[in-house]
Amino acid sequence: RCAASDSSTPIRKPANEIVILECETLRPWLRHPLDGDRASGHHLLWHPTDPILVVQVHCGQDGAWNHVLRFDGPRVEELPFPRFAENPFYLGGFSPEGTCLSGTDAGADPAAVVLWSVPQGQEMARYHFPDTPDAYIPEPVHAFLGLRLLVPAYSDSHGTFLVCVFETSGGLARREV
């Protein structure tokens with residue numbers, strides 16, 4: 001849920017929260033507040049093997065607030081993870097075994113694809129697309145196929161998309177296809 005208003009209306013805190021509903025009654029079972037901009041986009045990524053949900057609250061130019069939530073029955077523990085509050089960063093997806101999470105940098109290094117360890121949130125690898133006149137910029141949605149990471153990229157000068165394949169074992173190496 002996102003609360004939005006004009007500047008004359010006070011905003012209740014928190015502006016964002018995750019609400020888990022009971023399956024049978026659809027009544028709220030668990031609530032957890034999230035920081036981030038009021039009028040934000042939200043991205044949810046379920047961990048493939050553990051009771052972990054990554055919630056990203058993002059607002060284009062203002063940044064991205066990442067929340068890694070571990071569920072233990074009726075308790076929620078928020079794990080430390082980079083917030084990128086001053087730098088928009090978009091999360092792409094989990095590796096199949098859940099040990100890493102991919103993302104793209106929309107702020108300081110918009111031509112980068114990054115892998116982070118989960119749940120530690122440490123940067124594991126970074127690939128920077130070459131800076132050429134026909135440069136491709138990675139899109140925010142990624143998909144893992146085994147140890148390969150597929151990243152769509154767009155070129156303004158060509159007006160075209162391509163899908164880049166990266167090998168993720170031992171780093172982040174772009175594979176020519």
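Numbering of residues begins from 1 in every chain and follows the order in which that chain's sequence is written. The predicted origin of the model limits local features to residues at a pLDDT of at least 70 and limits the giving and counting of side-chain atom pairs to 80 or more, whereas totals for whole chains, interfaces and linings rest on all residues. Where side-chain values are given, they derive from all heavy atoms of the structure, hydrogens and water being excluded.

### A closer look at the pairing of strand β2 (residues 28-34)
- Two strands make a pair as long as DSSP finds a minimum of two bridges between them. Helix numbering and strand numbering both begin at the N terminus, where a helix is a DSSP run of H or I of at least 4 residues and a strand a DSSP run of E of at least 2. Two strands pair when backbone bridges link them, and strand β1 (residues 16-21) and β2 are joined in this way by 6 bridges, in the antiparallel orientation. Each bridged residue has a counterpart across the sheet, and for Ile20 the counterpart in β2 is Leu30.
- The antiparallel pairing of β1 with β2 creates a hairpin that spans 6 residues between the two strands, and Leu26 there sits at a positive phi of about 60 degrees.

### Description of the pairing of strand β9 (residues 112-117)
- For every residue, the accessible area obtained with a 1.4 Å probe (protein chains only) is divided by the maximum for its type, and the residue is called buried under 20%, exposed over 50%, and partly exposed between those limits. Counting buried positions over the 6 residues of β9 gives 6, a clear majority of the element.
- Across 5 bridges, strand β8 (residues 100-105) lies against β9 in antiparallel orientation. Considered in β9, the bridge of Ser102 is made with Leu115.
- Bridge count for β9 against strand β10 (residues 123-128) is 5 bridges, and the pairing is antiparallel.

### With respect to the packing of aromatic side chains
- Aromatic pairs are defined between Phe, Tyr and Trp rings, using the six-membered ring for Trp, whenever the two ring centres lie within 6.5 Å; interplanar angles under 30 degrees are classed as stacked, those over 60 as edge-to-face, and all others as tilted. For the structure shown, the criterion picks out 5 aromatic pairs.
- Pairing Trp46 with Phe71 gives two aromatic rings, centres 6.1 Å apart and planes at 40 degrees, and the pair type is tilted. Highlighted residues: Trp46 in strand β3 (residues 41-46) and Phe71 in strand β5 (residues 63-72), separated in sequence by 25 residues.
- Looking at Trp46, the relative accessible area reads 55%, which means it is exposed.
- Each ring, one from Tyr154 and one from Phe161, has its centre 4.8 Å from the other, and the planes form 50 degrees; the classification is tilted.
- The exposed category is assigned to Phe161, whose relative accessible area is 56%.
- Aromatic rings pair up to connect Tyr127, Phe129 and Phe166 into one cluster.

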